[in-house]
Amino acid sequence: MLTVRPEPSLDPQLLAEIVREHGTPAYVYDARVLDGNVRRWVEAVGDPSRVCYAVKANYNLAVLARLASHGIGFEASTVGEMARALAAGIAPGRIVLGGVPKSPQAVAVGIGRGLDLVVLQAAHEVEAAIEASTSLSGAPARVGLRVRPGIRAGAHPSLETGRADAKFGFGPSEIRDAWEALSRTDGLRPTTLAFHLGSGLDSLTPYEAAIDVLLGIVGDLEASGRPVRELDLGGGLGVAYGDTGSDLEPADLVRIVDERLAGSGLTTRYEPGRSIAARAGTLVTRVLYRRERDGHPALVCDGGFTDFGRYSLYGAQHRIEPLEGRLEGPETVEVLGPTCESGDKLGTGRRLHGVQPGDLLAVRDVGAYGFVMASNYNARPRPAEVLVDDGGWKVVRQRESLEDLWRGETVG
Ligand code: LLP
C-alpha cells in the first residue's frame, strides 16, 4: 500500500527568517518529521533496537541525538560514523558497524569497542576480526556476514549493491567457510546474515527474492549445526522526490518480511537511512541572476552541486519551490549552481518563471545524503545546518568560515 506524499512542513516564512539571520545556502531540518518517520519504523518493527538508522544519510550530531531519543539503534559504515554516533552520546551497545568495505584496523576497532554487531563483508575482514578477538576479555563480540544475493533491485546503477557483480559481501557459496571460521573462535559469536540491496528502491519485490536466497543459506548452516539467529535487511526504501508518486511504507516491508520468515525463528533488523531523514530537510538557496541558456531560462543560485550533489550524481530531481510566489509557466527553467562547471545543477525542467534575482528557493527532501555529501570544491565553505522544533529553531552546525577551509594545512 502506498501513502500520499506529505506536504512540506517547513513553512516559507520560517525558512526566510532563518536565512535572514544565517545566510544562504542553508540546510534546515524539521525534528518533527524525523520523529514521525522514526515512529513509523518503530511501530512497524515493534522493537526500537531492531531499527538501526544508517548514520551516513545525515550525521549531524543534533540529528543523531534526536533520533537516539527514540531508543533506536544506529548503523555506522565507517569508524568515523561510529565516532560521530558516540560523540552524539549513543552507547556502543546500540551501534552496528555495517557491512561496507573496511580496513583490518577498522574491523579491530569495531571488535574491541563493545558494539552491538560488526558486519564483515570480505575474507580479509573475517581474518582481521578473528585476529582482533584473541585479545578480547569478557563476552564474545557479535558478528555477522554480508551476503551478495545477486538481486537487481531496480535502483540507479550507482546505488545497486546486491547484484552478483557488486563489490560488497560474500557470494552465497562463500558464506559457509567464513561462518565456520567465525564459529570456531572463542571471542566471536556469529549471529547474523546481512544484505543491503541498494538505495532508493521503489518496489518491495527485491527484498522477497533476497530473503529466499538467504533462507537457503540459513538452511545450509543450520544443517551443519551452525544456526543463524538474525537477518539484517539493510536499508533501501525510496522516497518519491518529484511532484508525483508516493513513498514506500516500512509497515508494508515488515509485513512481507515477517510473512516470509514465519516459523523460521529468525529475528530481523533494518538499517533505514533515506526513509527517515530525507523528508525532514530543505536546502534554502538565493537566486543570484537569471539568464537565457540555449533558449531556456536559467536561474543561477548561490547553492550548487558542492552543497547538494544528488542531481549531478544521479540525475535526482528534487522539488524546488519559490519561497514567495507560485510555480508557474512551462517546465523549462534550469536551476544552476555558481561553481566553475556547466554540470553544476540543482534541477532541470522547472516551473519557476516568476522567480527573480534575489528570491529564495527551497530544494525539498534533502535531509538524507545532502549535507553529508557536500564538498569544499572551489574553496566554498559548507552551509550551515539548522534544526527546527516546536519550540523554535537552532543552528546545529555553523556555516564554515574561510579559515575552516585550510585547517590542518601548513605553508611549505
Ligand atoms: N545499510 C547499508 C549497508 C548501506 O550501505 C546503506 C546505504 C544503508 C543501510 C541505508 O540505505 P537507505 O535506507 O538510505 O537507502 N548517496 C546515495 C545513497 C547511498 C547509500 C549507500 N548505502 C544517494 O544520495 O542516493
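Conventions we followed
- Counting restarts for each chain: residues are numbered from 1 in the order of the written sequence.
- Local features in this predicted model are restricted to residues whose pLDDT is 70 or higher, and side-chain atom pairs enter the listing and the counts only when it is 80 or higher, whereas totals over whole chains, interfaces and linings include all residues.
- Side-chain numbers here rest on the full set of heavy atoms in the structure, without hydrogens or water.
- Residues enter a nonpolar core if they are buried and are Ala, Val, Leu, Ile, Met, Phe, Trp, Tyr or Cys, with the set joined through side-chain atoms within 4.5 Å.
- Categorising residues by exposure relies on relative accessible area from a 1.4 Å probe, with only protein chains included: less than 20% of the type maximum marks a residue as buried, more than 50% marks it as exposed, and the intermediate range marks it as partly exposed.
- Throughout the structure description, domain borders are defined by an automatic or database domain assignment.
- Whether two residues are in contact is decided by their heavy atoms: any pair within 4.5 Å suffices.
- Near, as used in this document, describes a residue that has one of its heavy atoms within 4 Å of the molecule or strand being considered.
- Side-chain atoms alone can form a polar contact between residues adjacent in sequence; in general such a contact is a pair of N or O atoms within 3.5 Å, and within protein one must be able to donate a hydrogen while the other accepts it.
- Under this grouping Gly is polar, as are all residues other than the nonpolar Ala, Val, Leu, Ile, Met, Phe, Trp, Tyr, Cys and Pro and the charged Asp, Glu, Lys and Arg.
- Summed over both partners, the accessible area lost on bringing two parts together, with a 1.4 Å probe, is the buried area.
- Counted as salt bridges are all cases of a side-chain nitrogen of Lys or Arg within 4 Å of a carboxyl oxygen of Asp or Glu.
- Runs of E in the DSSP output that reach at least two residues are strands. Runs of H or I that reach at least four are helices, and both are numbered from the N terminus.
- Pairs of strands are assigned from DSSP output, requiring at least two bridges between the strands.
- Handedness of a crossover is defined as follows: orient the strands so they point away from the viewer, and if the path from the first strand over the helix to the second runs clockwise, the crossover is right-handed.
- This arc is built from the directions going out from the helix axis to the C-beta atoms.

Undergrad: Hey, could you go over the nonpolar core for me, with residue numbers and the actual values?
TA: If you look at the biggest cluster of nonpolar residues, it comprises 97 residues, and the most contacted ones within it are Leu 145 and Leu 193. A domain-level breakdown of this core finds at least three residues from each of domain 1 (31-273) and domain 2 (279-406). Not counting residues up to four positions away in its chain, the partners in contact with Leu 145 are Val 119, Leu 120, Val 126, Phe 170, Ile 175, Ala 178, Trp 179, Leu 182, Thr 192, Leu 193 and Ala 194. Counting 15 residues, the second-largest nonpolar core is a separate cluster that includes Leu 15, Ala 16, Leu 360 and Val 388.

Undergrad: Lay out the site of the ligand in plain terms, naming residues and giving numbers.
TA: Near the ligand lie 17 residues; those nearest to it are Ser 199, Glu 271, Arg 274, Arg 310 and Tyr 369. Within the side chain of Lys 56, an N or O atom sits 2.9 Å from an oxygen atom of the ligand. Across the shell around the ligand, the residue classes break down as six nonpolar, five polar and six charged. Taken domain by domain, the shell around the ligand gets at least three of its residues from each of domain 1 (31-273) and domain 2 (279-406).

Undergrad: How would you summarise the domain arrangement of the chain if you had to cite specific residues and measurements?
TA: Here the chain is described as being made up of domain 1 (31-273) and domain 2 (279-406). Taken together, the contacts link 22 residues of domain 1 with 21 residues of domain 2. Summed over both sides, the interface between domain 1 and domain 2 buries roughly 2000 Å², with carbon and sulfur atoms accounting for 53% of that surface. Of all residues in domain 1, Arg 32, Asn 60 and Tyr 241 bury the most surface against domain 2, accounting for 30% of the area lost on that side. At the boundary of domain 1 and domain 2, one finds three salt bridges. Here Asp 247 makes a salt bridge to Arg 279, at a shortest N to O gap of 2.7 Å. Put simply, domain 1 and domain 2 have ten residue pairs in polar contact (both at pLDDT 80 or more) between them. Every element with two or more residues in the side of domain 1 that touches domain 2 is listed here: helix 2 (31-45) and helix 3 (61-68). It is helix 2 that contributes the most residues to the side of domain 1 that touches domain 2, five residues altogether.

Undergrad: So, the pattern of salt bridges: which residues are in play, and what are the values?
TA: Enumeration according to the criterion identifies 26 salt bridges in this entry. One salt bridge in this structure joins Arg 163 and Asp 165, with 3.4 Å as the shortest N-O distance. Under the relative-accessibility criterion, Asp 165 is labelled exposed at 58%. Overlapping salt bridges bring together Asp 247, Arg 279, Arg 319, Glu 321, Arg 364 and Asp 365 as one network.

Undergrad: Lay out the pairing of strand 5 (residues 117-120) in plain terms, naming residues and giving numbers.
TA: Both faces of strand 5 are covered, namely the face carrying Leu 117 and Val 119 and the face carrying Val 118 and Leu 120. For strand 4 (residues 95-97) and strand 5, the ladder comprises two bridges, and the chain directions are parallel. When the bridges of strand 5 are listed, Leu 97 appears paired with Val 118. For the handedness criterion, the β-α-β arrangement of strand 4, helix 5 (residues 104-112) and strand 5 is classed as right-handed. Pairing between strand 5 and strand 6 (residues 141-146): three bridges, direction parallel. From the neighbouring strand, Leu 120 faces strand 6, where its bridge partner is Leu 145. Note on the crossover from strand 5 through helix 6 (residues 123-133) to strand 6: the handedness is right-handed.

Undergrad: Let's hear about helix 5: which residues, and what values?
TA: Note on helix geometry: an α-helix contains 3.6 residues per turn, so any two residues three or four positions apart are oriented the same way. Here helix 5 has its buried residues at Ala 106, Val 107, Gly 110 and Ile 111. Projected onto a plane normal to the axis of helix 5, the buried residues spread over an arc of 135 degrees and lie on a single side. Among the exposed residues of helix 5, those oriented more than 90 degrees off its buried face are Gln 105 and Gly 112. Check the buried side of helix 5 and you find it contacts helix 4 (79-87), strand 4, strand 5, helix 6, strand 6 and strand 7 (188-194). Backbone geometry just downstream of helix 5 places Gly 114 in the positive-phi region, at approximately 75 degrees.

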